[in-house]
Amino acid sequence: MTTSKFMNLNAAEPTPKVVMSFGLGTDSTAVLLRWLEDSSSRDFDLSDLAVITAMTGNEWESTRTAVEALILPRMATAGVRFIQAARSRRHVTKAGDGVVILDDSRVPTTLHLDGSYTLWDEMTEAGTIPQSGGARMCSVHAKGDVLDPVIAAITRGQPYRHVIGFEAGEARRALKDQNYNTALRTGEYPLIEWGWFRNDAIEYTTSVIGTSVGKSACTFCPFSFGSKAGRAYMLERYSTEPVTAAHALLMEHLALTLNPKQGLIGGKRLIDLVRSENTVHVMEAFDELLREQTHAIYDVRRIISARKGDSLVSGNVERSLRVRSRGTRDVLQAHLDHLAADGAAKGLTTTVVGEDGMMRLYQRQRGSVFPTLERFFVVAPALAPNKERARFDERWAELGTAATELKHHTSRGLHLNDHQERHAS
C-alpha cells in the first residue's frame, strides 16, 4: 500500500466518482443503508463510492456503539471505502497541512471518534465555547476544513458527485450548498430527491438494523439546546454518559470564568440547567473532573472599542490572557483571597463575586463609554495558554496608562514562590 501526503491515505485506490459526507447521524445513515440494501436506489457501483467522516473528537459513545456494531459490518461486506479524517492542530491549510487520516479501509471495524485535535481542544485553548449565533464556524473548522483537502486528494482533479444527507425539510440548506458547486463538484441530496423527512429516515433505518443511530452532534453543540425538546434530549443523553457531560461542563466552566456571558445555552448556562434537573451523577462526574485539573490564576484584560465611532455602543473586543501562577484550585483561590483582602495596597480596587459564584478580582471594570478597558484576575482550570494579539500592550497603554500600574507590582504578588509552587502541585 502506498500513501499520499496524508498519513495512511491509500493512493492505490481508484478515483471515486461519488463522495459521501457521512455525519454518523440519522439522515446520512439512512442514505448509506439504502444504498447498501437496495441497488435500485443508486445509479453507480459501490466500488466508485468513497465515504468520508471528519471526526470532531466529540461525538457520543452511543454513536460509536451503534455505528461499529450495525453499520461498519455492512460497509465491510459491501467493500465500501471508508475514510476517517481529523485535524492534528487548530489551523488546517487548503493543501491539507494539519489533516490526518485515522483510517482508510474497505473493511472498517473501528470508529475513530476521538480524532486527533478535537473541537473541545480548540474551545478550551481559546477559553471559549461554540457560538450559537451567525455562521457555524466550529463545523467549518472541524469538518469542512478537513473534508475539502481530503476530497481534493482522492478525486485527483476529476469531476465528482458530493452527496450530503440533507432531509426533505432542509431544502434551504441544500440550495445554499449548491453555491459551492464547481466545474468538478456537484452537490447531491438523495433524501430530498426521495422526499424523505427525518422521520422517514428513522423509520427506514429502524426497519433495517432494528434501531436508530440517533442524532449526530457534538456533545456540547449549542444548537442542540435551542428548544425545550432539544434540551430534554441532551439531558437524557448526558444522564447515560455523565463523563461526557462533565467535559462539556468543564469547557463551559473555563469560558465562564474568563467571561461570565459565555453560557452554552444561548448565553444561559448549562451548569444551571443540569443543577435544576437534579442530575446528581452528572454533577458528581463534573466535580471529580474539576478536582483533577491543574488550575491557574489568569490575568484577563479586554479592550472594548466603540462601534463605528459611536462612544455609547460597544464594538470589537480584544482580549489578553496571561497565566500568573499554576497549582491546585484551593491554594490559588486562597492566594487570590489574600490579595483581595489586601487589594488597596496592590491597586486592586474591586472584588466581584458574580452570580456564577466565581470570584473575579478586578483592577479595572469596563465603563459605559467606549472605548473602555477591563482587567481582572480569576482562578480557572489551566487549559488556556497565554494569548493576545500583537501590539495589545501598546493599544492598552494608549487607552489608559492607569491600567498598567500593576505591571511590575502585582506580577510579584500574583506569582507563587518556589515553596508555594511545590505545595500547590
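A quick note: this is a predicted structure, and the numbers were derived from the prediction, not measured.

**Examining the overall build of the protein chain**
Now for step 1: The helix and strand tally for the protein chain stands at 15 helices and 11 strands.
Now for step 2: Principal-axis analysis of the C-alpha atoms places the extent of the protein chain at approximately 80 × 45 × 45 Å.
Now for step 3: For the protein chain, the proportion of its 425 residues judged to be buried stands at 49%.
Now for step 4: Here the analysis covers contacts within the protein chain between residues at least 6 apart in sequence; of these, 73% occur between residues at least 24 apart.

**What about empty space enclosed by the protein?**
Now for step 1: Using the criterion set out here, one finds 1 cavity of 30 Å³ or more in the structure.
Now for step 2: When its volume is computed, the largest cavity comes out at roughly 40 Å³.
Now for step 3: In terms of lining residues, the largest cavity is bounded by W60, K215, S216, A217, S224, Y233, M234 and R237.
Now for step 4: When grouped by side-chain class, the residues that make up the lining of the largest cavity number 4 nonpolar, 2 polar and 2 charged.

**A closer look at the confidence of the model for the protein chain**
Now for step 1: Confidence in the prediction of the protein chain, expressed as mean pLDDT, is 89, and 91% of residues score 70 or more.
Now for step 2: Confidence drops under pLDDT 50 across residues 402–412; counting only partners more than four residues distant or on other chains, this segment forms 20 contacts.
Now for step 3: Across residues 416–425 the pLDDT falls below 50, and counting only partners more than four positions away or on other chains, this stretch makes 15 contacts in the model.

**Focus on unusual backbone geometry**
Now for step 1: Across the junction of F370 and P371, the peptide omega takes the value 5 degrees, indicating a cis bond.
Now for step 2: Looking at the element boundaries, P371 is found in the loop between strand 10 (359–364) and strand 11 (372–381).
Now for step 3: You will see that L24, though not glycine, has its phi angle at about 75 degrees, which is positive.
Now for step 4: By secondary structure assignment, the location of L24 is in the loop between strand 1 (18–21) and helix 1 (26–37).
Now for step 5: When its relative accessible area of 2% is taken as the criterion, L24 is described as buried.
Now for step 6: With a phi close to 65 degrees, R391 is a non-glycine residue in the positive phi region.
Now for step 7: Mapped onto the elements of the fold, R391 is located in the loop between strand 11 and helix 13 (392–399).
Now for step 8: By relative accessible area, which is 60% here, R391 ends up exposed.

**Overview of the layout of surface pockets**
Now for step 1: Roughly 970 Å³ of volume is contained in the second largest pocket.
Now for step 2: Lining the second largest pocket are 34 residues, and of these A126, T128, Q131, R319 and K387 lie nearest its centre.
Now for step 3: Secondary-structure elements contributing two or more residues to the lining of the second largest pocket are helix 3 (119–126), helix 4 (137–155), strand 7 (295–307) and strand 8 (310–327).
Now for step 4: For the lining of the second largest pocket, the leading source of residues is strand 8, giving 6 residues.
Now for step 5: Here the lining of the second largest pocket is built from residues that sort into 12 nonpolar, 10 polar and 12 charged.

**Re the sheet that holds strand 7**
Now for step 1: Spatially, 5 strands are ordered 8-7-11-10-9 in an open sheet, and the strand pairing comes out antiparallel. The two strands at the open ends of the sheet, each matched to only one other strand, are strand 8 and strand 9 (350–353). Neighbour to neighbour, the strand axes of the sheet diverge by 25 degrees on average, direction disregarded.
Now for step 2: Here 10 bridges tie strand 7 to strand 11, and the two strands are oriented antiparallel to one another. In the sheet register, Y298 faces strand 11, and the bridge partner there is V378.
Now for step 3: Contacts from helix 9 (residues 242–258) reach strand 7, strand 8, strand 10 and strand 11, with the element oriented near 145 degrees to strand 11.

Conventions adopted
Residues numbered from 1 in each chain as written. Predicted model: local features only at pLDDT ≥ 70, side-chain atom pairs only at ≥ 80, totals over all residues. Heavy atoms only, no water. Helix = DSSP H or I, 4+ residues; strand = E, 2+ residues; numbered from the N terminus. Buried < 20%, exposed > 50% of the residue type's maximum accessible area, 1.4 Å probe, protein only. Contact = heavy atoms within 4.5 Å. 1 Å grid on protein atoms, 1.4 Å probe; cavity = no way out; pocket = protein on both sides within 12 Å on 5 of 7 lines; lining within 4 Å. Points joined across faces, edges and corners; volume = space filled by probe spheres on them. Nonpolar A, V, L, I, M, F, W, Y, C, P; charged D, E, K, R; others polar. pLDDT = per-residue confidence, 0-100. Pairing = 2+ DSSP bridges. Axes fitted to C-alpha atoms, helices over the stretch in contact; angles between N-to-C directions.

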